[in-house]
There are 2 protein chains.
Amino acid sequence: MTLISPSRRLRRTPFSQGVEAAGVKAYTVYNRMLLPTVFDSVEADYHHLKQHVQVWDVSCERQVELRGPDAGRLMQMLTPRDLRGMLPGQCLYIPIVDETGGMLNDPVAVKLSEDRFWISIADSDLLLWVKGIANGYRLDVLVDEPDVSPLAVQGPKAEDLMERVFGERVRDIRFFRFDLFQFEGRDLAIARSGYSKQGGFEIYVDGTDIGMPLWNLLFQAGADLNVRAGCPNLIERIESGLLSYGNDMTDDNTPHECGLGRFCDTQTAIGCIGRDALLRVAKEGPVQQIRPLAIEGDPVGPCDRPWGLYAGDVRLGQITSAAWSPDFNINVAIGMVRITHWGVGTRLRVETDDGERAATVQAGFWN
Amino acid sequence: MTLISPSRRLRRTPFSQGVEAAGVKAYTVYNRMLLPTVFDSVEADYHHLKQHVQVWDVSCERQVELRGPDAGRLMQMLTPRDLRGMLPGQCLYIPIVDETGGMLNDPVAVKLSEDRFWISIADSDLLLWVKGIANGYRLDVLVDEPDVSPLAVQGPKAEDLMERVFGERVRDIRFFRFDLFQFEGRDLAIARSGYSKQGGFEIYVDGTDIGMPLWNLLFQAGADLNVRAGCPNLIERIESGLLSYGNDMTDDNTPHECGLGRFCDTQTAIGCIGRDALLRVAKEGPVQQIRPLAIEGDPVGPCDRPWGLYAGDVRLGQITSAAWSPDFNINVAIGMVRITHWGVGTRLRVETDDGERAATVQAGFWN
């Protein structure tokens, strides 16, 4: 791995001081912001996440805020998921598509009230798309990026830790719902969500000034729970089938190619900008789709470019995320595979940076 | 410095293989793509750039391509610079603003023909803003990111090296103009431009497949010119007053605050989306503006967050880029300063990460 040069352009977060004190070893850049990737080692972080509780600086999940009379209308223009039944207090995973049906982001939408939403984004400047659409259609809505930084508490002991800080009412939050909790005189939205399958919460920290006080309080309260600073874990997220925008999909892909057809109500999502483009693929299905794959042999190196998938000399897709799984004793991977070869058990040849391997299409993800 | 974790999301470039072979030591991430920042050391790279010739992988200056009958109209909607006189073959530095006059990017526009432009972007997903505007206003234009990656040849011997590869006609290219040159059967636009003041060219490499052949040819042809792999140099660009979007300005700033008023024709740029918002500041001037500043004392560390500028206890601005200059024997810096304190020679207090320093507003940049 190479070094990363610091600059203001790679934005620090309200929790950077805590992240540094905890001994962060590596970063990625996500939405032009620092996102930790390693504290102890990727494998040690993985084992700890599955056994204890971690506090994650995921400030890079920036919010795009929509506020005003046309906020609901604009939300529906952005996604093929039908939002008519969405209630305040609810979070929804929504594919966002352009006029060709290409994925622009796969965020979580947070409905604060009838005329106010946050879109908690993956890695693309969705703010610019939403502002452009709002301007072009002359909608009556304010669109901006507020000073709100998510802090995730993840792992099997997450609920215990959160109860100590926010009271037992946190246990009542249902999956992908949020409720409001007081901290230093401010109402913070806390959702049961997060980028792992180990359970946990995301706290939408409203204001940089309360970032470190909350960080410190969580570590004080969780000392006997073996709480540590952590981050989204490459191995765990592949095992769990959590996709990564920019890695596993780009604007070349439709939601259906990404296996997100169940989040598309293409017939009824009237007003969605990409609706016309998606009607055919919604009806007939895609010709390639994301699949879990196991790669045989020793641990593979990091997948920093698409690794071609082949049968004979014919390229049939690519692997875009891969890691050695200590718990499943195999290289777990995510790839995009052509319809002709995506059947469970299909064996393919994958060209990694270190040479050829055999890969097999799996029936499902591991977690 | 901390490590950077590789992933497909931090995109490699057509020249990554050459960059790695040349011993890149550090990267930044720019438009979700790897941009080298150090080869030997920032200081050694700086001295070499001023004496010899370097080849820079600046693929991260992605192109937003506008093509179709409404391409020219859309270009004018994006910028307060009057584009009516722009000719095919011309490059223009253009501020891009939103409806509030806030800077969204400060790219170089390249006019390929009357109905085809490239916008060679700084660090924001300008593609999404342009696509959103095109969609919202129902313009007859195609907007996408082509497989075009700029390769810069910079330094006093740049012209000599380029002549050896592309012939003596490269000497005829005027500043911020481009002409077409053949390479492996393809027409490549080559402009006299680049992110240094040491002179040079940018080759718009059209197609990933010809990236490494061109890279290798430049190094073969320039062996006796002491050609090296290089990159935009922090010290040189501050000395030269080359601003960095995301560092020295954000969408909070108007072009006038960035000292880019001379690139705004706010009265005549009819159709520019931010025109109304900018009319007042264009007439009355901004209340804060970017200034060159010298910071006294030993070399400062990297400016990875805004450093507050103060007179007494009153905050009057911030420094956003800083580096020790071996040639000028002072810390050169770029900051934003309030109108009351931006006069040449004004002494201010700057709060760096390592404590307080004195800083003085300069009459001009150093190069």
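Structure: above.
Bear in mind that the values here come from a model prediction, so they are computed numbers and not experimental data.

J.: Hey, could you go over the overall build of chain A for me, with residue numbers and the actual values?
T.: Assigned secondary structure in chain A consists of 8 helices and 22 strands. On C-alpha atoms alone, chain A measures out to a radius of gyration of 21 Å, which is about the 21 Å that the 2.2 N^0.38 rule sets for 367 residues. Going through the 367 residues of chain A one by one, you find that 55% of them count as buried. Pairs at least 24 apart in sequence give 67% of the contacts found in chain A among residues at least 6 apart.

J.: Describe the interface of chain B and chain A, naming the residues involved and giving the relevant values.
T.: In this assembly, 45 residues from chain B lie in contact with 44 residues from chain A. Of all the secondary-structure elements, those providing two or more residues to the side of chain B that touches chain A are β1 (2–4), β2 (26–30), β3 (33–38) and α4 (126–136) of chain B. Looking at side-chain class alone, the side of chain B that touches chain A contains 20 nonpolar, 13 polar and 12 charged residues. Here 2 bridges tie strand β2 (residues 26–30) of chain A to β1 of chain B, and the two strands are oriented parallel to one another.

J.: Any chance you could break down the pairing of β2 of chain A for me, citing the residues and the numbers?
T.: Successive side chains on a regular strand alternate, one facing one side of the sheet and the next facing the other. All names here are of chain A. Among the 5 residues in β2, 4 count as buried, and that is most of the element. For β2 and strand β3 (residues 33–38), the ladder comprises 5 bridges, and the chain directions are antiparallel. Across the sheet, residue Tyr-27 finds its bridge partner in β3, namely Pro-36. Between the end of β2 and the start of β3, which pair antiparallel, lie 2 residues, with Asn-31 showing a positive phi angle near 50°.

J.: Residue-level account of the relation of the copies chain B and chain A, with values.
T.: Once chain B has been moved 0.0 Å along the axis and rotated by 180°, it coincides with chain A to within an RMSD of 0.0 Å. Taken together, these values place the two copies in the relation of a two-fold axis. Taken as a fraction of all interface residues of chain B, those also at the interface in chain A reach 98%, which identifies the copy contact as same-surface.

J.: So, unusual backbone geometry: which residues are in play, and what are the values?
T.: Although it is not a glycine, Arg-138 of chain A sits at a positive phi angle of roughly 50°. In this structure Arg-138 of chain A comes out as exposed when scored by C-beta crowding, with 9 C-beta atoms within 10 Å.

J.: I'd like a description of the nonpolar core, backed by residues and values.
T.: Within soluble globular proteins, side chains that are nonpolar generally end up buried alongside one another. Formed by 226 residues in total, the largest nonpolar core has its most connected members in Leu-74, Val-130 and Ile-190 of chain A together with Leu-74, Leu-126, Val-130 and Ile-190 of chain B. Residue contacts for Leu-126 of chain B: discarding those within four places in its chain leaves Leu-128 of chain A together with Val-64, Ile-96, Leu-104, Asn-105, Pro-107, Ile-119 and Ile-121 of chain B.

J.: Requested: an account of the packing of helix α5 (residues 158–166) of chain B against helix α6 (residues 211–221) of chain B, with residues and values cited.
T.: What describes two packed helices is the angle between their axes and the distance between those same axes. Residue and element names in this part refer to chain B. Where α5 meets α6, the closest approach of the two axes is 9 Å, and the angle between their N-to-C directions is 120°. Viewed along their axes, α5 and α6 form a crossing whose handedness is right-handed. On the side of α5, the interface is formed by Leu-161, Arg-164 and Val-165, while α6 contributes Leu-217, Leu-218 and Ala-221. When grouped by side-chain class, the residues that make up the contact of α5 with α6 number 5 nonpolar, no polar and 1 charged.

The rules behind the values
Residues numbered from 1 in each chain as written. Chains lettered and ligands numbered in written order. Predicted model: local features only at pLDDT ≥ 70, side-chain atom pairs only at ≥ 80, totals over all residues. Helix = DSSP H or I, 4+ residues; strand = E, 2+ residues; numbered from the N terminus. Rg over C-alpha atoms; globule rule 2.2 N^0.38 Å. Buried ≥ 20, exposed ≤ 12 C-beta atoms within 10 Å, placed from the backbone. Contact = placed C-beta atoms within 7 Å. Nonpolar A, V, L, I, M, F, W, Y, C, P; charged D, E, K, R; others polar. Pairing = 2+ DSSP bridges. Least-squares fit on C-alpha atoms with pLDDT ≥ 70 in both. Core = buried A, V, L, I, M, F, W, Y, C linked by C-beta atoms within 7 Å. Axes fitted to C-alpha atoms, helices over the stretch in contact; angles between N-to-C directions. Left-handed = near helix turned anticlockwise from the far one by under 90°.

By themselves these figures say nothing about function.
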